[in-house]
Amino acid sequence: MLDIRWIRENPSKFDEALEKRGLAPSAEELIGLDQARRSYQTKAQAIQTRRNKASKEIGKLKGAGENADALIRKVSELRETLQNLESQEKKASEDLTRRLASIPNIPADDVPLGRDEEDNLEIRKFGTPRSFSFEPLDHVSIGEKLDEMDFEAAAKLSGSRFVVLRGNLAKLERALATFMLDLHTQEFGYTEVSPPVLVRDNAVYGTGQLPKFSEDLFRTENGFWLIPTAEVTLTNLVADKILEEKDLPIRLTAYTNCFRSEAGAAGRDTRGMLRQHQFNKVELVSIVHPKESEAEHQRMTEAAEEVLRKLELPYRVMLLCSLDMGFSARRTYDLEVWLPGQNKYREISSCSTCGDFQSRRMQSRFRPESKKGINFLHTLNGSGIAVGRALIAVLENYQNEDGSVSVPEVLRKYMGGINKLEPNAS
């Protein structure tokens, strides 16, 4: 959520930022709502002052044995007026909060103006796509040859956009997740967390999925939301808290199931594991001092990149344009891994800095050591990385002509000595 005081002081800059997000100017509307709220608040304070003064006068009159009936009636009238003003102020505050909650974060100054992925900016590349002496298969065909990737069984259980993995392919997925967690905890200082995957409204509101993106989520009949990413649970661990500056930064990682309805993806990536309703992901979340958030964004992106470098997978880093970023992000770097089966780079991680956008929604603050008062924290989140897509990338980049798949060197200790996945002999 954005700071209404900043909007009041920078209306033109705010409207320019909304234009980058493809939205109509709203500064005048929001400032009007805020003025109404503050007007009711000021009037209520004035009435309360008059009421307090009159109440004291009643006490004096009664103490002197004089009649205070007229003043008592006046205090009663003031109480009624005050209640009316407080009701109007509450409604005006709710209207302003509701409107602010629907507005995305303001892009950082270096975010390129653009409409979609075609306008994203390539920052750097790692590795060279492998040259195959045969026509490379996509992960679905590889999985079928291994006889350990079953979309038909999943469809009978759950419908489309689900998969069942078996045997060594299931083991490889687990190996990838364990490798990522070990890397982030041992080399980058993240603390591993095992969080819930069912959350209440306030949690998905805090990270920005509600109220605008409810259709992208799954909800249980008794009102819980299935998390679309562990960003929701990890970030909300500091909701409604005031931390001490000395306790920052906080870096958390988790491996969880994630659930997305893919409401806006009808007809896209319907083949295979690229876009599923249920998938696994290792998530990274940082809670930091505002002065450290820019450096932390680079550090988090480096952590996600290191996963791909150790797996020796070719990838590139993209700076997302203004209309391709997520709702809560100020800036996002996408890591795109090379998939030979598609002959293109595909997203495998997004690392975003959100500034104080989420912490304002969550009321997450810290107490500075050097001065009085409390300030809002800065939050960052990133995929460290999407395990299912990493599995796809390993299968396609490490495939062999005979249908087998070599296990990347860094994963072999997690595979119990298995160096290669062999196709089904039948």
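Up top you'll find the structure we're talking about.
The structure contained in this document is the topic of the report that follows. (Residues numbered from 1 in each chain as written. Predicted model: local features only at pLDDT ≥ 70, side-chain atom pairs only at ≥ 80, totals over all residues. Heavy atoms only, no water.)

1. Quick word on the overall build of the chain
This is how the line gets drawn: Secondary structure elements follow DSSP: runs of H or I of four or more residues count as helices, runs of E of two or more count as strands, with numbering from the N terminus. The buried label applies to any residue whose accessible area, calculated with a 1.4 Å probe on protein chains only, is under 20% of its type's maximum; exposed applies above 50%, and partly exposed to all values in between. We call two residues contacting when some pair of their heavy atoms lies within 4.5 Å. Computed by Shrake-Rupley with a 1.4 Å probe, the accessible areas treat only the displayed protein chains as cover when residues are assessed. Counting rule for charge: Lys and Arg are taken as positive, Asp and Glu as negative, and neither His nor the chain ends is counted. Think of each charge as sitting on NZ of Lys, CZ of Arg, CG of Asp or CD of Glu.
Within the chain, the regular secondary structure consists of 12 helices and 18 strands. Of all 426 residues assigned to the chain, the portion counted as buried reaches 50%. Restricting to contacts in the chain with at least 6 residues of sequence separation, those with at least 24 account for 72%. Accessible area of the chain: about 20900 Å², with a carbon and sulfur share of 45%. With 61 positive and 65 negative side-chain charges, the chain shows a separation of 7 Å between the mean positions of the two kinds.

2. Considerations on the sheet that holds strand β8 (residues 242-244)
Filter applied, for reference: Note on pairing: two strands pair once DSSP finds at least 2 bridges between them.
Read from one edge of the open sheet, 3 strands run β8-β14-β15, paired in mixed fashion. Sheet topology places β8 and β15 (375-376) at the edges, where each strand pairs with a single neighbour. The sheet contact formed by strand β14 (residues 365-367) and β15 spans 2 bridges and is antiparallel. Opposite Arg365, over in β15, you have Phe376 as the bridge partner.

3. Considering the pairing of strand β16 (residues 378-386)
In terms of burial, β16 is largely enclosed, as 9 of its 9 residues are buried. Pairing of strand β10 (residues 278-288) with β16, which is carried by 7 bridges, proceeds in the antiparallel orientation. Each bridged residue has a counterpart across the sheet, and for Ser286 the counterpart in β16 is Leu380. The sheet contact formed by strand β13 (residues 344-353) and β16 spans 3 bridges and is antiparallel. Bridge assignment links Thr353 to a residue of β16, and that residue is Leu380.

4. Observations concerning the pairing of β10
When you tally the buried positions in β10, you get 10 out of 11 residues, the bulk of the element. Pairing geometry for strand β9 (residues 250-259) and β10, over 10 bridges, is antiparallel. Its bridge partner being in β10, Arg251 is matched across the sheet by Ser286.

5. Focus: the nonpolar core
Nonpolar side chains in soluble globular proteins tend to be buried together. To be explicit about the condition: We call a set of buried Ala, Val, Leu, Ile, Met, Phe, Trp, Tyr and Cys residues a nonpolar core when their side-chain atoms join them within 4.5 Å.
Grouped together as the largest cluster of nonpolar side chains are 52 residues, with contacts concentrated most on Leu169, Leu172, Leu176, Met180, Leu395 and Leu421. Among the elements that take part in this core, helix α7 (residues 167-186) stands out by supplying 9 residues, more than any other. With residues near it in sequence (within four places) discarded, Leu395 still touches His139, Ile142, Leu146, Met149, Leu169, Leu172, Val405 and Leu421. Counting residues in hydrophobic clusters, the runner-up holds 22 residues, among them Val199, Leu234, Leu248 and Phe366.

6. Points about the side chain of Asn397
When you line up the elements, Asn397 lands in helix α12 (residues 387-397). The class of Asn397 is buried, set by a relative accessible area of 7%.

7. Quick word on the environment of Glu215
Locating Glu215 in the fold gives a position in the loop between α8 (201-206) and β6 (218-219). Considering only alpha carbons, one finds Glu215 and Gly272, 57 residues apart in sequence, at a separation of 23 Å.

8. Remarks on the side chain of Ser352
Where we set the bar: Any N or O atom pair separated by 3.5 Å or less is treated as a polar contact, with the protein-specific requirement of one donor-capable and one acceptor-capable atom, and with residues adjacent in sequence counted only for side-chain atom pairs.
For Ser352, the position within the fold is in strand β13. Within the structure, the side chain of Ser352 is placed 2.6 Å from the side chain of Thr332, a separation counted as a polar contact. When neighbours within four sequence positions are excluded, Ser352 is seen to be in contact with His297, Ala329, Arg331, Thr332, Leu380 and Asn381.

9. Looking at a negative patch on the surface
Cut-off, in case you're wondering: Patch criteria: residues need more than 30% relative accessible area and no salt bridge. Like-charged residues are merged within 9 Å; nonpolar side chains of Val, Leu, Ile, Met, Phe, Trp and Tyr are merged within 5 Å. Here a salt bridge means any side-chain nitrogen of Lys or Arg lying within 4 Å of a carboxyl oxygen belonging to Asp or Glu.
On the surface, Asp116, Glu117, Glu118 and Asp119 cluster together into a negatively charged patch. Examined against the element boundaries, Glu117 turns out to sit in the loop between α4 (69-101) and β1 (121-126).

10. What about the sheet that holds strand β4 (residues 191-192)?
Just so we agree on the cut-off: Fitting a line to C-alpha atoms yields each axis, with helices limited to the stretch in contact; the angle taken between N-to-C directions then spans 0 to 180 degrees.
Spatial ordering of the open sheet is given by β1-β11-β12-β13-β16-β10-β9-β4, a layout of 8 strands whose pairing is mixed. Both edges of this open sheet fall to β1 and β4, since each of them pairs with a single strand only. On the sheet, helix α10 (residues 293-310) packs against β1, β9, β10, β11 (315-319), β12 (331-339), β13 and β16 and is oriented at approximately 5 degrees with respect to β16.

11. What to know about the packing of aromatic side chains
To describe a pair of aromatic rings, you give the distance between the ring centres and the angle between the ring planes. Quick note on the threshold: The criterion for an aromatic pair is that two Phe, Tyr or Trp rings (for Trp, the six-membered ring) have centres within 6.5 Å, with stacked assigned to planes under 30 degrees apart, edge-to-face to planes over 60 apart and tilted to the rest. Both a distance and an angle decide whether a charge sits over a ring: NZ of Lys or CZ of Arg must be within 6 Å of the ring centre and within 35 degrees of the ring normal.
Following the criterion strictly, the structure yields 5 aromatic pairs and no others. Ring centres 5.3 Å apart and planes at 75 degrees place the aromatic pair Phe132 and Phe134 in the edge-to-face group. The class of Phe134 is buried, set by a relative accessible area of 15%. Put simply, the rings of Phe213, Phe327 and Phe357 pair up and form one aromatic cluster. Across the ring face of Tyr205, the terminal group of Arg361 is positioned such that the distance to the ring centre comes to 4.3 Å.

In short, geometric facts, not functional conclusions.
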